[in-house]
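Breakdown of the fold
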There are 2 protein chains.
Amino acid sequence: MNVVALAGGVGGAKLADGLSRLNPSPTLTVIVNTGDDFNLFGLHISPDLDTVCYNLAGMEQPDTGWGRADERWDAYKEIQKLGGPDWFRLGDRDLATHLERTRRLGSGEPLSKITADFCRVWGIDPAVLPMSDDPVPTMVLTDQGELAFQDYFVKLGCEPAVTGFRFQGVEKSRPAPGILQAIEGADLIVICPSNPWVSVDPILAVPGIRSALEEKLVLAISPIIAGKAVKGPAAKMYQEMGISPSASAVAKHYSNLLDGIMIDKQDEKLVKGIKDRETHPLKVICTDTWMKTREDRVRLAGEVLDFGQQIIEEV
Amino acid sequence: MNVVALAGGVGGAKLADGLSRLNPSPTLTVIVNTGDDFNLFGLHISPDLDTVCYNLAGMEQPDTGWGRADERWDAYKEIQKLGGPDWFRLGDRDLATHLERTRRLGSGEPLSKITADFCRVWGIDPAVLPMSDDPVPTMVLTDQGELAFQDYFVKLGCEPAVTGFRFQGVEKSRPAPGILQAIEGADLIVICPSNPWVSVDPILAVPGIRSALEEKLVLAISPIIAGKAVKGPAAKMYQEMGISPSASAVAKHYSNLLDGIMIDKQDEKLVKGIKDRETHPLKVICTDTWMKTREDRVRLAGEVLDFGQQIIEEV
């Protein structure tokens with residue numbers, strides 16, 4: 001089975017990791033949000049891309065989901081002593097990723113090629129593709145003005161109230177090489193339980209990606225469980241955008257792109273409402289979607305593929 | 001006593017450190033070569049400046065003289081795994097210096113200001129001034145073509161035969177703020193036992209510095225002992241430039257700038273020749289100039305000041 005997963009940070013990375021550990025595993029391509037990429041100390045940092053890769057390589061920090069396991073903070077502590085910016089924690093090993101990526105980008109190589117090479121070194125089987133080799137920084141429109149994503153997300157701890165989003169330069173961006181081919185060859189598209197506003201929407205906004213997905217069988221897994229986000233500001237964003245946060249809101253968010261949505265069993269009462277509202281046939285399945293352990297990831301991934309298989313057979 | 005020291009890397013850093021640890025200590029300004037500054041991974045690295053600062057702060061790696069003590073190499077090892085350039089070793093703590101310096105340079109601050117702030121954090125008393133806030137990269141002309149200094153020095157291990165040197169952009173460079181004032185107010189100028197070609201000459205080439213020094217009492221300590229450099233390619237460079245490497249060659253190198261030179265006691269036989277050759281009065285003193293321990297640094301520094309005092313009293 002050829003599967004393409006759309007992923008942002010920790011939630012997406014976990015499900016992508018689960019999909020890659022299935023036995024037999026599907027032929028997996030992970031398209032990763034790079035709208036949260038930013039520059040610090042002159043380094044090009046791609047937090048979502050790194051989180052996905054570190055998880056797929058099994059070398060993520062288990063407590064946080066981001067960063068590397070067994071990480072030390074010698075550089076970070078010295079930066080603090082020098083009075084440098086310490087709002088974004090950079091581990092010593094993690095720094096190597098940013099340093100070498102920055103060097104290669106500076107010599108003109110595209111992010112997708114660099115990522116592929118890093119994945120080979122890290123023993124990652126799935127193809128990991130940044131959504132674009134072009135920079136498309138996500139700007140968060142807030143009551144404190146327009147903010148670069150990491151300023152909003154990490155520096156200000158998602159404190160400002162959101163009024164909208166802007167994916168800067170997206171209209172001129174192109175999908176990274178291999179993305180449209182992977183989508184075309186896919187039996188199933190999985191929208192991981194990532195933040196719809198700032199993890200998945202940036203990917204969908206790259207010209208050509210959404211229209212390619214519309215031809216395909218697309219499943220989403222709701223990142224909202226019982227009105228709350230497992231992690232991050234997704235629920236808060238829905239609220240501030242005037243939408244009650246729920247799995248139902250997530251279904252509506254992706255709307256006619258979806259053939260099916262997997263929601264948490266705590267939200268079983270929402271199933272009928274979701275189905276009734278949509279004008280096109282939408283399958284809804286309830287299961288335990290909260291991935292706490294690595295086993296949870298693999299189990300959920302298996303259920304996602306079964307769900308996809310079931311829809312394929314019905315069609 | 002107001003002392004200005006001209007320093008390059010390890011040898012200069014050691015003597016500057018000795019001068020700063022004298023009791024009573026002179027009011028010390030250290031002017032440091034930045035011709036070896038270079039860019040790696042997008043980081044602005046100033047090896048000589050860091051070596052001087054780490055030594056003055058007592059936090060240098062004692063085995064090498066450069067880099068920081070108790071350093072770990074997590075980032076460096078990961079860079080190696082990723083196939084990145086590993087010819088220049090970057091320790092985890094040392095990385096913080098380059099990261100924060102790069103960030104502040106990028107935001108428009110001058111190197112001298114950044115260095116002063118770092119020195120304050122590191123508890124360094126002497127004023128440490130980069131020779132210029134303008135980039136003046138040293139290019140080494142060799143039988144393999146023109147090479148950036150660190151490519152020659154570290155990457156190629158000083159292997160190529162040298163035919164000359166070029167201090168790129170030096171004619172338009174200005175001494176860093178405070179340099180000319182420090183020289184004007186100095187009772188004694190000390191040219192540390194650094195490489196005359198690539199550590200001291202770049203400093204002397206910055207417009208205004210050499211002419212300011214000509215008005216002053218200047219002592220040099222020969223980095224060549226018994227025809228060999230304590231460290232680095234100074235002797236090899238003399239040879240390749242067609243000059244027999246010796247303390248005598250060092251005296252000739254600085255020529256009419258010098259009022260006195262301190263050479264190693266192993267080179268006592270050179271004293272008469274040095275004195276006879278110079279057309280202006282030149283004092284020569286022999287002592288043990290090889291600084292192996294921190295005590296050696298302080299002892300030698302004391303002898304340097306005594307030598308200076310002696311000349312001052314004679315004048």
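These numbers come from a predicted model, not from an experiment.

1. Things to note about the overall build of chain A
Helix and strand counts for chain A come out as 13 helices and 14 strands. In terms of principal-axis extent, the alpha carbons of chain A reach across some 60 × 45 × 40 Å. Burial status across chain A gives 53% buried among its 315 residues.

2. So, the relation of the copies chain B and chain A
Rotating chain B by 180° about the axis while translating it 0.0 Å along that axis superimposes it on chain A, leaving an RMSD of 0.0 Å. The transformation relating the two chain copies, once decomposed into turn and shift, fits a two-fold axis. An overlap of 100% is found between the interface residues of chain B and their copies at the interface of chain A, pointing to a shared contact surface.

3. Structural notes on the interface of chain B and chain A
With 23 residues of chain B in contact, the opposing surface of chain A contributes 23 residues. Secondary structure elements with two or more residues in the side of chain B that touches chain A: α3 (74-81), α4 (92-106) and α5 (111-121) of chain B. Element by element, the count of residues in the side of chain B that touches chain A is highest for α4 of chain B, at 9 residues. Among the residues forming the side of chain B that touches chain A, the class breakdown is 10 nonpolar, 5 polar and 8 charged.

4. Describing the pairing of strand β2 (residues 27-32) of chain B
Residue and element names in this part refer to chain B. With 5 of 6 residues buried, β2 is to be regarded as a mostly interior element. Across 6 bridges, the pairing between strand β1 (residues 2-7) and β2 is parallel. Residue pairing in the sheet places Ala5 in a bridge with Val30 of β2. The β-α-β motif built from β1, the intervening helix α1 (residues 10-20) and the parallel element β2 has right-handed crossover chirality. Relative to strand β5 (residues 127-130), β2 runs parallel, the two sharing 4 bridges. If you follow Thr29 over to β5, its bridge partner there is Ala127.

5. A look at the nonpolar core
In terms of nonpolar packing, the biggest core is built from 193 residues, with Ala5 of chain A together with Ala5 of chain B touching the most fellow members. With residues up to four places along the chain from it excluded, the contact list for Ala5 of chain B reads Leu15, Ala16, Leu19, Leu28, Val30, Val190 and Cys192 of chain B.

6. Comments concerning the sheet that holds strand β6 (residues 138-142) of chain B
All names here are of chain B. Ordered in space as β7-β6-β8, the 3 strands form an open sheet in which the pairing is antiparallel. Strands with a single pairing partner mark the edges of an open sheet, and in this sheet they are β7 (145-148) and β8 (162-167). Neighbour-to-neighbour, the strand axes of this sheet turn through a mean angle of 25°, independent of strand direction. Sitting on the sheet, helix α8 (residues 196-205) touches β6 and β8, and the angle it makes with β8 is about 35°.

7. A few points about the packing of α1 of chain B against helix α13 (residues 294-314) of chain B
All names here are of chain B. Axis separation between α1 and α13 bottoms out at 7 Å; the angle between their running directions is 75°. As the angle between them shows, α1 and α13 are arranged roughly perpendicular. In this structure, α1 contributes Lys14, Leu15, Asp17, Gly18 and Leu19 to the contact, and α13 contributes Arg297, Val298, Leu300 and Ala301. Tallied by class, residues from the contact of α1 with α13 come to 5 nonpolar, 1 polar and 3 charged.

8. Focus: α8 of chain B
By the criterion of burial, α8 of chain B is predominantly enclosed, with 9 of the 10 residues buried. Buried residues of α8 of chain B: Pro196, Trp197, Val198, Ser199, Val200, Asp201, Pro202, Ile203 and Ala205 of chain B, and no others.

9. Things to note about the sheet that holds strand β5 (residues 127-130) of chain A
In any sheet, the strands associate via hydrogen bonds between backbone groups, in a parallel or an antiparallel arrangement. Residues and elements named next belong to chain A. Spatial strand order, β5-β2-β1-β9-β10-β13-β14: 7 strands in an open sheet with parallel pairing. If you trace the sheet from one side to the other, it starts and ends with β5 and β14 (283-287), each paired once. Pairwise comparison of adjacent strand axes, ignoring direction, gives a mean angle of 20° for this sheet. On the sheet, helix α11 (residues 247-254) packs against β9 (188-191), β10 (218-221) and β13 (260-264) and is oriented at approximately 160° with respect to β13.

10. Some words on helix α3 (residues 74-81) of chain A
Inspection of α3 of chain A places Asp74, Ala75, Tyr76, Glu78 and Ile79 of chain A among the buried residues, and these make up the whole buried set. Contact partners of the buried residues in α3 of chain A: α4 (92-106) of chain A together with α3 and α4 of chain B. Phi for Gly83 of chain A, located one or two positions after α3 of chain A, is positive at around 80°.

11. Section: unusual backbone geometry
The peptide bond linking Asn23 of chain A to Pro24 of chain A adopts the cis configuration, its omega dihedral lying at 0°. Note that Pro24 of chain A resides in the loop between α1 (10-20) and β2 (27-32). Its identity as a non-glycine residue notwithstanding, Cys158 of chain B has a phi of 60°, on the positive side. Inspection of the secondary structure assignment puts Cys158 of chain B in the loop between α6 (149-155) and β8. For Cys158 of chain B, a count of 17 C-beta atoms within 10 Å corresponds to the partly exposed category. With a phi angle near 45°, Ser255 of chain B is a residue other than glycine that sits in the positive phi range.

The rules behind the values
Residue numbers here run from 1 along each chain, matching the order of that chain's written sequence. A letter from A marks each chain and a number from 1 marks each ligand, given out in the order of writing. Residues qualify for local features only when their pLDDT is at least 70, as the model is predicted, and side-chain atom pairs are given and counted only at 80 or more; totals for whole chains, interfaces and linings, by contrast, use all residues. Here a strand is any run of E in DSSP of at least two residues, a helix any run of H or I of at least four, and the numbering for each starts at the N terminus. Burial is judged by counting the other C-beta atoms within 10 Å of a residue's own C-beta: 20 or more makes it buried, 12 or fewer makes it exposed, and any count in between marks it as partly exposed, with every C-beta position built from the backbone. Here the copies were fitted onto each other by least squares, based on C-alpha atoms from residues at pLDDT of at least 70 in both. Residues are defined as contacting one another if the C-beta atoms placed from their backbone atoms lie within 7 Å. We call Asp, Glu, Lys and Arg charged. Ala, Val, Leu, Ile, Met, Phe, Trp, Tyr, Cys and Pro are nonpolar, and the rest, Gly among them, are polar. One bridge is not enough; two strands pair if DSSP finds at least two bridges between them. The path from the first strand over the helix to the second decides the hand: if it runs clockwise while the strands point away from the viewer, the crossover is right-handed. To count as a nonpolar core, a set of buried Ala, Val, Leu, Ile, Met, Phe, Trp, Tyr and Cys residues must be joined through C-beta atoms within 7 Å. Angles shown run from 0 to 180 degrees and are taken between the N-to-C directions of axes, each axis being a line fitted to C-alpha atoms and, for helices, limited to the stretch in contact. An angle counts as roughly parallel when it lies under 35 degrees, as roughly antiparallel when it exceeds 145, as roughly perpendicular when it falls between 65 and 115, and as oblique in every other case.

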